[in-house]
Every structure is written in structure tokens, then in C-alpha cells.
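Chains, contacts and geometry: an overview
Residue-level listing of the chains:
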Amino acid sequence: MLNAKIPDGPLEKKWKNYQEHCKLVNPANKKKLDVIVIGTGLSGAPAAATLGELGYNVKVFFFQDTARRAHSVAAQGGINASKNYQNDGDNVFRHFYDTLKGGDFRSREANTYRLAEISANVIDQAVAQGVPFAREYGGVLANRSFGGVQVKRTFYAQGQTGQQMLLGAYSVLMRQIGLGHVKSYNRHEMLELVVIDGKARGIIARNLITGEIERHSAHAVILASGGYGKIYYLSTLAIGSNASAAWKAHRKGAFMAGVSWVQFHPTCLPQSGDYQSKLTLMSEALRNDGRIWVPKLKGDDRFPNDIPEEERDYYLERKYPAFGNLAPRDIASRSAKEQIDAGKGVGPNKNAVYLDFKDAIKEYGAEEIGDRYGNLFRMYEKITGMSPYKQPMMISPAAHFTMGGLWVDYELMTTIQGLYAVGEANFSDHGANRLGANSLLQASVDGYFIVPVTIGNYLSNEIRTGKIPTDTPEFDKAEEDAVERLKKFISIKGTKSAEYYHKQLGKIMFHHVGVSRNKKGIEEGIKLIRELREDFWTNLKVPGGIYEVNSELEKAGRVADFLELAELMAHDAYDRDESCGAHFREEYQTEDGEALRNDDEYMYVSAWEYTGYGKTPKLHKEELTFEVVKPSVRSYK
Amino acid sequence: MNVTLKVWRQKNSKSKGHFETYKLNDLNPDMSFLEMLDVLNEQLIHEDKIPVEFDSDCREGICGQCGLTINGRPNGHHHHTTTCQMHMRHFEDGDTILVEPLRASAFTVIKDLKVDRSAMDRIMQAGGFVSVHTGSAPDANSLPIGKMDAEDAFDSAACIGCGTCIATCKNSSAALFTSAKITQLATLPQGEIEREKRVVAMVDAMDAEGFGSCTNTEACEMECPQEISVTNIARMNFEYNRALLLGKK
Amino acid sequence: MGTSVIFKNTLIRKIFMSLTGLFIAFFLIIHLLGNFQLLLPYEQAHLQYNWYSHLLSHNIIIEIIAYVLYATLIIHILDALLITLENRKSNGQGLKVDKRGVNSSWFSRNMGILGVIILLFLILHFKDYWYMYKFGNIPVDEKGNKDIFLIVHESFKQGWYVAIYIVAFIALGFHLAHGIWSAFRTLGVYNKWYIKLTKYIGITFAILMSLGFAIIPAIIYLKNL
């Protein structure tokens, strides 16, 4: 039933083939077509701007006060593109292969290849917009190596690449808004997707200032609503990041795939107390010079500098001599969790490991290390009050990126006609684990170059549809449902805040569907999630009303969706009896603790169909076939 | 630690605001200021009161969405910080802390501590871009840009659009914010073609939004979380005067 | 460019401010140099100063320049008033507790107040000398020039009068300390090195001017104690 609609032809010709044969909408007709975009991150902003440039009527919705706040802004490291400017043997195929291998062979060859293929254009586009990437003295672009690959293909703008890429996209979006091609709805939240005769036809949105419920119709809807890592409550994501738009689509028939594939970032600041609202990410670059260790002795309470060398366990260097402290994110995160679970965690809450710069400072001097990491050290000191020059940093893994998301075909269309998902909101290109510096790339590629083309192929059939009225029964029903739900939140009048439930859910997810999972744990997790959900609907307390600014009401909606998505994630993790990428099932590991993939039985993408509230979702398998690449075992020994 | 908060409460943009006093006990000094407000809100919810509305998103100092006036200064008594990066350990046990929204007549209070900063978006819409549409870009290396120019452009481009500069200016001037974008694009060859048009349009937009004149007190630079330099303002003036002299107005 | 734009545009308003300010500052140099004649030995100063004043008031070119200067001064004042009022409007209701001042020097924030002090001084200054010279009934010296020197000299014998002058010149000093480099910035000096240079020039100029103008009445006062 699932058809990914991969174009014919050899791998390197597929996208070209598609573009040569897809249907187009002529400029005069584009004016008659409305498109809604949800989100203004590095996928939504380019999609909205590009569609506006093309001549469609675009409406863009986002909950923040301005489009420039979207969480792409926080990405630090860089963006990959196989430009081969460094003449170090990089090319599209290598980039494709690294991505596919990094994802543990759980993504489509065709999609992943296209990602690498278009990567070069993204850099051209960004530079033309005035994105100030790092340069060499001669004036050409600089690159660095990132995420454990052997070539230098990462472009960067200091430690704020995401910000600069996003601001580039924001600038072109602002231009389109100024020209009147795109209409912007800030402080608006999508509450429902409207589906008419199997096609996405609009949304119900709430104006977060007045609380008014609005109807907006369109010939196609693009979800660029980001990832759902905030389901763990403590994550590197923004406070407002949520799964609601995607979940509403899921409830209306869009499948979700690979939902339990969540990347935990190993170098985040540990939780210091129950009040904590997020975990700040410190760039992975720190692992280039920092050495990770824990005391050999359980519960060793000594000040780190007082622990002698022979009583320290540099566990990454010990276990992975080839990569050492630079082992991939999932391995580094998992190893840290193992140490913490074994009672060797450090810090006041015993929930961290040390990242020590003592040796690097000895070797290169404090000044040189300051040049390399000064801003990160300052940031660390600002937040924790401790200086990494004087004592080791404390780090711990935190939920960071969700590889899973709405299932999409090659055109980035979900299983609902006319509903597209782009960027982190979809599942497609990263497989079971994302390669460092590929997330900015995927978001950009989807938004700038793919969806503006593929959407034409669909909209070419809509030119005779005419303006879609919003006074139809489907819109009535969707609005009714949305208002009903808001009223329900307020009417429960229980005792606990939405924040409380979010925190509880986060704990359950971290322990049961977190860095590593096992069957029993997941089963228990599902039980706990259900209990919590039950409790939520009976004891929630939302002060205030609907038709006013009400952050608590917004939170309640998001947490309610997280509570449902959580169970789906658990089912997804439960179903997959193998370890692959970020999905580490404790039952499936080699003797020395490495992930054990099962290509014979699980070489598929799990796409889940919604079957009703609280009901077990239905699994659809999209078998993955590898025509060009032979899946190999990831080894970082 | 314990603190007493005096928080600006305002039901909506039309109503008159006032201060409410709240007491918070047993706070952890490692909390950020916003996490302290989270604690306050939890407390208010339990007391059947309406929680305090305030904006925040990334809480790591880069998105620019948060921003409060704390004890009479935007983002509190530290230079170069966002509100989310202000921690309670920088306050004394027993302090009384006054919390107001960011103030400027172009920033309407939406509710409590939330303000509308969309005027800043409109300045960007007037010209804060290079008019390049998707797909039309030449190869990235076809336009060499000196390392120093790229770094200078980055320093200007690092602006997070938080509005601190405006709120800290006694004239509520948006000069630092506007000039940072103008300077970024004036420093780079990509911005050359629309150079005059951009500066004139953005300055006009800045004025139309009701922001005041820059009188060079340089307070903005002192508070800017990204340490954007006031030399950007000088550059904007240069670009504007140049456009005037070239008759591009 | 219509007149409405001139008055609405914050940058153009500032250009007027800086150009008029710099012109007035330039005049200060000439004025100060002229004033130094007051410090010559009494007899020599007496005749030379009166001759100099006569020269200034009876030369058509200087006359024109003087009127340009008055116009400049009026534009500077009116523009300042306009900017201040508009800025106050932009700042809206302001803060209940305002500690933003720690981020900038008090004189950069209070150019208006300093300007008002200078303006009040100017009114006094014009009334006592300029008006007297033009319309007053004053004696003539042995060369037949109006004896403005005598009037100046007599007035500087009064302590309170000298005090007012010194206060005004301190205000002028601070006004210039911010005004000069600020004017250069408004005109678009953005190079980091030149910015530094204009700051040094501005502050040095401010010190020289306020000191220069202040010592003249002070010395005359002290000599006559």
C-alpha cells in the first residue's frame, strides 16, 4: 500500500528524471492556488518564500512572535555540502554513502542521494543571500570535518551556523512578505488539519493573542513544524517546540514513521534541579580536545581534580581506541548513560560525566584552548558558574533530534493527498541516526529545492478547483473539534499544571524509550504513559479562558499531543527487535556491547497508521531496497 | 534563596497595568531567571491565580524571544546577556526584584510581560535582504570575500533581533538593530547592487514604526547580548548619507 | 525630497544637528581667538578689542556670516527640540524604575539640558554685550570705537557673573565632549580608527574650548581682586 513513488532510472538520474517529467503549473494559474505553510524554520521559511516567488498565494503560520525565532536558529556546528572545495576526494556519492551509513541503512537510497546531490545548491543559495560563512584568507569558503567523516565538507559560520542559515531564509521570507506574496500569521497555532475527500484543504488555527479560532483554506498544506524531541521535556529544543501539527495530521490519516529514532546529543549540560526547563547543548567540537571520563570508583565524591589519573576511567578511549572521544553521538551518549546507570555518574545529581581539558591545556596552553573554545567555555561558566579551565566540565546526553516523523514519499507528500512534510517534521533522509551537520542541510534542501518542485506536480491537478470555501461541513467539524478540546482542557479544573505532566512524561520517556531500550522497559513505559494520560484528562488544571493570551492553554494542547505520541514512540521501539542507529535495544547487542542490526527482518521503515484514541496503531512496512549500496556494519572500534 | 518579585501585570494591550508583589521561597541559585518565573507560575496556578505571561523559546540565548526589564534594566544588571542567560545566583538572597516588559512605544504590551516586536520584522521587510530568488545563485566560490570582511559581516549578522538595544535606548531608537543588517550587507559584495535602495527603505521603515533618533549614547552596545558594535550605526549613517549625495533618495 | 521628509526622517534631522553643531563649534575657535585679546596688557587690550569689535560689526561679509551663524544656532535649537520631543514620544510610557543610565555617560544622555544651560547663558551674553553694542548707549574710546572692552572688563569684576560664565563653559565642554564625535558619527565616519580619532579630537576640543573660554573671565576677575 505504501508507495514511495521513487522515480525510475539509475540513482544519480532519479531526481533529474523526476524534474524532467513532473507536471508544472503555469504562472497565471499559480495565482489561483493557495498554499499554507506551518513553521518558519530552515524548511518552512524557504518553502514559503520560494513558493511566494513562484507566484502561489502563501500563508505562513508560526507560534513565535517573529519568523526568525524558529529553533533552526540554535544549530551550532555547520552544514554539509559535497562541494569538494578542499579537493579531498569528496563527491555526491561519498556524501550520500556517509549519510546512509550514518543512518545505519534505514533510509531510502533515492532520498538520501538527492540530499547529497542538491547540497551544493544550498551553499550557493545561502552565500547569495549574504550568509557570512567562514572564509580563507584568499577569499574562498572554509570547511571543516564534522561528525566523524573523513572529508572536510562542513560549511560554518562560527558556532552559529543555524542562526545564519535561518536568518538568510528569514530575509528572503521577509522580502516575500513585504512584496505581498506571502502573508504571515505570527503567534498563531495550528489546531486542526482540514481534510476534504482525502485531500488536505486547510487548517484551523488559534490566534494566540486574541484566542480567536480562525479557518484558513488552501489547495495544499506544508508542515514544517520541526521535531518532537521536547517530548522528553529536558532536551536541547526550544520551550515551544512541539509535535502538535504533525500529530494532528497523523490523527487525520498521515502515517508517522521511525518515530522512536531519537538522537541524544552527548555534550549537553546536565540537569541541576527539578526546576530545569531545558538542557543546553555545548558544541560537539569540544570532544576534539576534551577527554571524557568517570571515576573508576562508584559514588566517588572527591573533587575531580583530586582524583588521580589511575583512578579515572576514560571509557570511550578504552572501548573505542580508534575513535576515542570522537565516537559518534549515539555511541557517546549510550556509553555515558551506561556509566551513569552503573553508579559512576558525577556532579551533585550523579547524572553527568566529565569532559576534561586538563591535558589539552597542558599540551597547547590555556591561550590556544581559549582561542578554540573560549566562547563555549564562557557560556558554560555563565550557566554553571564553573570554569572549564580550572576543573572538568560536566556533560550528559540530552534528546536532540528526531529522525522519525511524518512518513513522506519521494515528493515529500504524506499519506494525505496535498499534505507535505518537510525538514525535521518528516522522517525521510537520516534513517535511524543523523550525521552531524546534515540537519540544516536536509531542512534547506526540502524547503528551497524539493517541495517547491514536487508541489507543482500535485497542484497542477488543482487549477480548476477554485477558491476553497471555509463554510463547508468539514471546516465546521474541524473547528468544533478544536474548540471542544480547548473547552475540555479548561473544564477539567483539576490540580496539576500541564508543565507537571510534561515533566512526568519526560521522565517516563527518558527511562523507557530513551538512549537505550528493552522490551520489558518499553512495556512498562506504555503502561505508565497510559496512566499518566488518564490522569492528565482528569486532573489537569488550566487557568484562564480561551479568548485571551493563555500560555497554559497552549501548553496543555501540546502536552496532550505528546502524551499520545509517546505511546506511538513506545510501540515503534517495541516493534523493532534489533538495534540500529539511535535505536538501541539492549536485547540486541554483540558480546562486547555493540548494536546488533537485523537486516533480514527489519530492513523496513515502520510507518504507523492512527487507529483511534488509545488504540494500538497499525503498522505498515515500507521495505527498503538497496540497489547501489550494500549495507555494512557500522564499526567504530 | 528567597526573593520578592514585583511583576508588571497587564490584562491586554488596552488595559492599564500595575505591579503585583509575589514572594518566592527556596529557589535554587542555579536557576535561570525564566525558570524562576516558571516556579512562580506553578505557584500561581496552585493558588488559583492567573500565571504571568512572558515570552521565551530557545532559552540558550540565540532565538531572541525572551527579554524582560529587570530592576530597571533590560535583561538585568549584567551587560551583554539575554534574560534566559541571567541566573538567580547573580541576585542576593532576600532581594526585591522589579520585572517590567521591554519598553518602547513601538512595542505594545500584549499581556503582562509579553510585547509585540513585529515592528522589527517590518524594518526587515523593507530591505533587510538580497533580492535573490531560489535557484538563481552562482557558485558560492565565484565571489571571493576576504576573511576579515566575512568576519565583520558575521559580527553584524549575529544580531538576534531581541529588541534589547531599543529597550535600553532612552530614545527607543532602532538604529543598532537596523544598522546591523545594513552593515552586514554593505560589507559583502552580495549587498552592493541594492545598497542605496536598501538603506533608504530600511531607515524610512524604521522611522515609520515610530522609533526615535540615535543620539549616540552607546547604551545599546553595552547591553546587546551579541555585542553588536555601534560602528554599525556609523556605517548606516555613511550608507544613508552616501545614498542622499548620490540622489538615490 | 519634500520638507515633510526632512522633519520626519530621524537621520536627516541628525544630519542637520551635526552640521549646525560643527559649524557653531568652528565659530567657537574664532571667537575664542578673538577673546584672547582681552588678556593682553590692559591698555593694549582696551584699544585693540574695541577696534576688533568695530571691525566685526562693520564688515559686510562678517555681518553675513554672523547672520548665518544666528540662523544655524536657531536651526540647531529647534532641531534639538524636535528630536527631543519625538524621542520622548518614541520612548512611550517609559519604565517605572529606570536604571538604564548606567550604560552611558550622563552628558551623552543630557545634551538637551546642557544645551538649555548654554542657551540661557547665550541669552545673558547677547543681552549684555551684543544688544548693548548694537543698541545700547555705551561710551567710545579714544579711537572713536565703541568701548565694549570696558563693559566686558567691568562685568568680569563681579564674582557671580564670572561664576555663571564658568558654569556655562563647563556645560559647553560636556556638550562638545559628546557633540563633536557624535556629529562625525552622524556624518558617517565608520572606520574604527577614525572613530577613535574623532573621539580624541572631540574630547580634546571640548577641553580646550571650555578651558579657554573659562580662563578669560577668571583671569580678569583675579587680576582685579
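If you're wondering where the values come from, they're calculated on a predicted model, not measured in any experiment.

**Section: the interface of chain B and chain C**
With 49 residues of chain B at the interface, the matching set in chain C holds 41 residues. Across the interface of chain B and chain C, roughly 3500 Å² is buried in total on both sides, 54% from carbon and sulfur atoms. Joining chain B to chain C, the criterion identifies 2 salt bridges. A salt bridge links arginine 185 of chain C to glutamate 218 of chain B, with the shortest nitrogen-to-oxygen separation between them at 2.7 Å. Summed over the shared surface of chain B and chain C, the result is 30 residue pairs in polar contact (both at pLDDT 80 or more). Of all the elements in the fold, those that place two or more residues in the side of chain B that touches chain C are strand E4 (73-74), strand E5 (96-100), helix H4 (164-168), helix H6 (195-208), helix H7 (219-223) and helix H8 (231-245) of chain B. If you tally residues by element for the side of chain B that touches chain C, the top one is H8 of chain B, at 9 residues. Residue classes in the side of chain B that touches chain C are distributed as 21 nonpolar, 17 polar and 11 charged.

**Notes on the interface of chain A and chain B**
In this complex, chain A contributes 76 residues to the contact, which on the side of chain B involves 74 residues. Summed over both partners, the interface of chain A with chain B comes to about 6100 Å²; 51% of that surface belongs to carbon and sulfur atoms. One can count 5 salt bridges joining chain A with chain B. With a shortest N-O distance of 3.0 Å, aspartate 139 of chain B and lysine 83 of chain A are connected by a salt bridge. Counting across the chain A and chain B interface gives 44 residue pairs in polar contact (both at pLDDT 80 or more). Taken together, the elements giving at least two residues each to the side of chain A that touches chain B come down to helix H3 (44-54), helix H5 (109-129), helix H6 (161-179), helix H11 (366-384), helix H12 (439-459) and helix H16 (551-575) of chain A.

**Quick look at the sheet that holds strand E8 (residues 213-217) of chain A**
Residue and element names in this part refer to chain A. As summarised here, the arrangement of the 3 strands in space is E6-E7-E8, forming an open sheet in which the pairing is antiparallel. Only two strands of the sheet have a single partner each, and these edge strands are strand E6 (188-196) and E8. Within the sheet, the average angular offset between the axes of one strand and its neighbour, ignoring direction, is 25°. Across 5 bridges, strand E7 (residues 199-207) lies against E8 in antiparallel orientation. Of the residues in E8, the one forming a bridge with glycine 202 is serine 217.

**Quick word on the domain arrangement of chain A**
All names here are of chain A. Taken domain by domain, chain A holds domain 1 (265-399) and domain 2 (473-605). Inter-centroid distance (C-alpha atoms) of domain 1 to domain 2 is 30 Å. For the pairing of domain 1 and domain 2, the buried interface totals around 850 Å² over both sides, and the portion due to carbon and sulfur atoms is 52%. A per-residue breakdown of the area domain 1 buries against domain 2 is headed by Asp274, Arg334 and Lys337, which together make up 61% of the total. Applying the counting rule to domain 1 against domain 2 returns 1 salt bridge.

Conventions used here
- Residues numbered from 1 in each chain as written.
- Chains lettered and ligands numbered in written order.
- Predicted model: local features only at pLDDT ≥ 70, side-chain atom pairs only at ≥ 80, totals over all residues.
- Heavy atoms only, no water.
- Contact = heavy atoms within 4.5 Å.
- Buried area = accessible area lost by both parts, 1.4 Å probe.
- Salt bridge = Lys/Arg side-chain N within 4 Å of Asp/Glu carboxyl O.
- Polar contact = N/O pair within 3.5 Å; in protein donor to acceptor, adjacent residues only side chain to side chain.
- Helix = DSSP H or I, 4+ residues; strand = E, 2+ residues; numbered from the N terminus.
- Nonpolar A, V, L, I, M, F, W, Y, C, P; charged D, E, K, R; others polar.
- Pairing = 2+ DSSP bridges.
- Axes fitted to C-alpha atoms, helices over the stretch in contact; angles between N-to-C directions.
- Domains from an automatic or database assignment.

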